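# Analysis of the macromolecular model
Take a look at the letters that make up each chain.
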Amino acid sequence: VFLGNGPSGICLSYLLSGYIPYFKRDSLHPHPILQRKLEEAPDISILDQDLEYLSEGLEGRSHSPVALLFDTLQRPDTDFGGTEESVLTWWHETHRAIPHLVLGRNAPGGVWHSIEGSMITLSRGEWMGLPDLPFKDWLKQKRRGLRNNRATAEDIAQYYQHYVMKKGLQKNFRCGTVVTSVRKVSAESICNHTQEDLQENSDSLWNFSEKSTEVFRVDGFFKTVKGDKEPFSIYAENVVLATGTYDSPTWLGVKGENLSYVHHQLSALEEAVKDNSIGIMSDPVLIVGAGLTAADAILFAHHCNIPVIHVFRRRVSDPGLIFNQLPKVMYPEYHKVHQMMKEQSAACAGPYERYVSLPEHHVLSFGKDKKCIFQDKNGYQKVYKVSMALVLTGSNPNLSFLPNNGIDLAMDSDQPINPKRNPIDVDPFTYECAQEKGLYALGPLAGDNFVRFVQGGALAVASTLLKKANKNPP
């Protein structure tokens, strides 16, 4: 059972549906050592090879060796601007399929259905694609091209839905489901228990191996078309966490943050503009944060001529600031925001109207009268009256369905799970949780934050589950 139907869940479903990757004969990979390793066993699928051996020595933009491996097999020279074809060929070996269910709240594609459709992706369009169906080929069928090599969120959401249908995976997907609890139970206690099944004609799904002494019980409810909630319970030997991190926006934890004019999602600004509750003549909108969501909010407000006060803790030149890591040519709009942050501080007027930057400041409180108090690094305070406030400082996963909110699974089990600072502790070559056998974590929960790299985790889990199920070739 997978929890989450975003790119991680879709990719794993593809691999467990009997789609097996092999090294394409006569292919030439630009990495000579990897090429030599691939030529050693051309008739053995990548899933059945030693992923640690294949990924050894690879370098790139991810800390996960398997993520780098799967990425470079699919897009051999993409980091150097190349467009070489994948060195993989895919065979559909139906006898190797492993029965599974993918549970998600929305349509396949997960959080991409919740993002404003016109938003442009940070990653290049071709990096958003899933195995054996290049994103740009799908876009060509729609007679569309990529803007600046990047795609809109709406395109991505549609592509993921199309992928599930095109690859015949829809029978594994259950949308409109909410999981409320995942717990280990003894296999004996459920032998006589009647399954409240989500999948028709799927007896084989529940044939536990004789070695199983404990299994997972997954409880939740299914939202019907009429809006009713139908409860379900599923038992599974393996559970994959692929729920992403978009669920719970981070709060600052300051006084007045729960007031009605303080919001934690960009959509609040879009709605306020749509219903004319703020406009050109309004008091400024306060935007807190220095990541890409905050930048998107600034661009949106700038486009609508809405005045902005921008507060963030870091120095503008801080190398950890995302803007200092993005190539200017590829990301002109984010470069523009960075310029505004540099040149338009409250201390000195700059060329950009209706925008004030307050670097190295933090919010002390939000007042009922919509007056917000900020403090700079020297302890000096400033007060501004605003029309609304957007706190856009990241988000955390909602793992309330796990015992102790899943904290026991984290690298540091004294702190909440956070995709950047404290991900779930997983084995780098199986993605199995170090603290709970049979439980796996993919995507941001395991520290993989880009679509191009979450697929390596799916490869690792699929390889492990195929070995567990003894579905290896003779």
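What you see is a predicted model; the values in this text were computed from it and never measured.

When the charged atoms of two side chains lie near each other, side chains of opposite charge can form a pair. Applying the stated criterion across every chain yields a total of 14 salt bridges. Residues Asp48 and Arg96 are paired through a salt bridge, measuring 2.8 Å at the closest nitrogen-oxygen approach. With Asp48 in the loop between α2 (32-40) and α3 (51-55) and Arg96 in the loop between β3 (88-92) and β4 (102-104), this residue pair connects regions lying 48 residues apart in the sequence. Comparing Asp48 with Arg96, the two get one shared label, buried. When the shortest N-O distance is used, the salt bridge between Arg314 and Asp318 registers 3.3 Å. Overall, the relative accessible area of 40% leaves Arg314 in the partly exposed class. Through salt bridges with shared partners, a single network forms among Asp48, Glu93 and Arg96.

Moving on to the pairing of strand β15 (residues 308-311). A two-sided burial pattern is seen for β15, the buried positions comprising Val308 and His310 on one face and Ile309 and Val311 on the other. The parallel pair strand β14 (residues 285-288) and β15, bridged by helix α8 (residues 292-303), forms a crossover whose chirality is right-handed. Bridge count for β15 against strand β16 (residues 355-358) is four bridges, and the pairing is parallel. Looking across to β16, one finds that Val308 is bridged to Tyr355.

It is worth spelling out the sheet that holds strand β20 (residues 388-391) at this point. The sheet built from five strands is open, its strands ordered β13-β20-β14-β15-β16 with parallel pairing. The sheet terminates laterally at β13 (262-263) and β16, the two strands that pair on one side only. In terms of strand pairing, β14 meets β20 through four bridges, oriented parallel. When the sheet's bridge partners are listed, Val288 is paired in β20 with Val391.

Counting 83 residues, the largest nonpolar core has Leu3, Leu12, Leu103, Val182, Val218, Leu241 and Ile424 as the members making the most contacts within it. The contact partners of Leu3, leaving out residues within four places of it in the chain, are Leu103, Val179, Val182, Val218, Val239, Val240, Leu241, Ala242, Thr243 and Phe401. Core analysis: the second largest hydrophobic core is formed by 31 residues, Leu266, Ala272, Val308 and Leu326 among them.

Strand order in the open sheet formed by three strands is β8-β9-β10, and the pairing between neighbours is antiparallel. What marks the edges here is a single partner per strand, and that holds for β8 (177-186) and β10 (229-236). In this sheet, neighbouring strand axes are inclined to one another by 20° on average, regardless of whether the strands run parallel or antiparallel. Relative to β10, strand β9 (residues 214-223) runs antiparallel, the two sharing eight bridges. In the sheet register, Val218 faces β10, and the bridge partner there is Ile234.

Put simply, α8 and helix α9 (residues 332-343) touch, their axes get as near as 10 Å, and they point 85° apart. What the angle tells us is that α8 and α9 run roughly perpendicular. On α9, the residues that touch Leu292, Ala295, Asp296, Ile298, Leu299 and His302 of α8 are Glu333, Tyr334, Lys336, Val337 and Met340. Here the residues of the contact of α8 with α9 are counted per class, giving seven nonpolar, one polar and three charged.

Looking now at α2. Regarding α2, the residues found buried are Leu34, Gln35, Lys37 and Leu38. Projected down its long axis, α2 shows its buried positions confined to an angular sector of 165°, all on one face. Residues of α2 that are buried in the fold lie against β2 (19-23), α3 and α4 (65-74).

Rules and cut-offs
- Residues numbered from 1 in each chain as written.
- Predicted model: local features only at pLDDT ≥ 70, side-chain atom pairs only at ≥ 80, totals over all residues.
- Heavy atoms only, no water.
- Salt bridge = Lys/Arg side-chain N within 4 Å of Asp/Glu carboxyl O.
- Helix = DSSP H or I, 4+ residues; strand = E, 2+ residues; numbered from the N terminus.
- Buried < 20%, exposed > 50% of the residue type's maximum accessible area, 1.4 Å probe, protein only.
- Right-handed = clockwise from strand over helix to strand, strands pointing away.
- Pairing = 2+ DSSP bridges.
- Core = buried A, V, L, I, M, F, W, Y, C linked by side-chain atoms within 4.5 Å.
- Contact = heavy atoms within 4.5 Å.
- Axes fitted to C-alpha atoms, helices over the stretch in contact; angles between N-to-C directions.
- Parallel < 35°, antiparallel > 145°, perpendicular 65-115°, else oblique.
- Nonpolar A, V, L, I, M, F, W, Y, C, P; charged D, E, K, R; others polar.
- Arc of directions from axis to C-beta.

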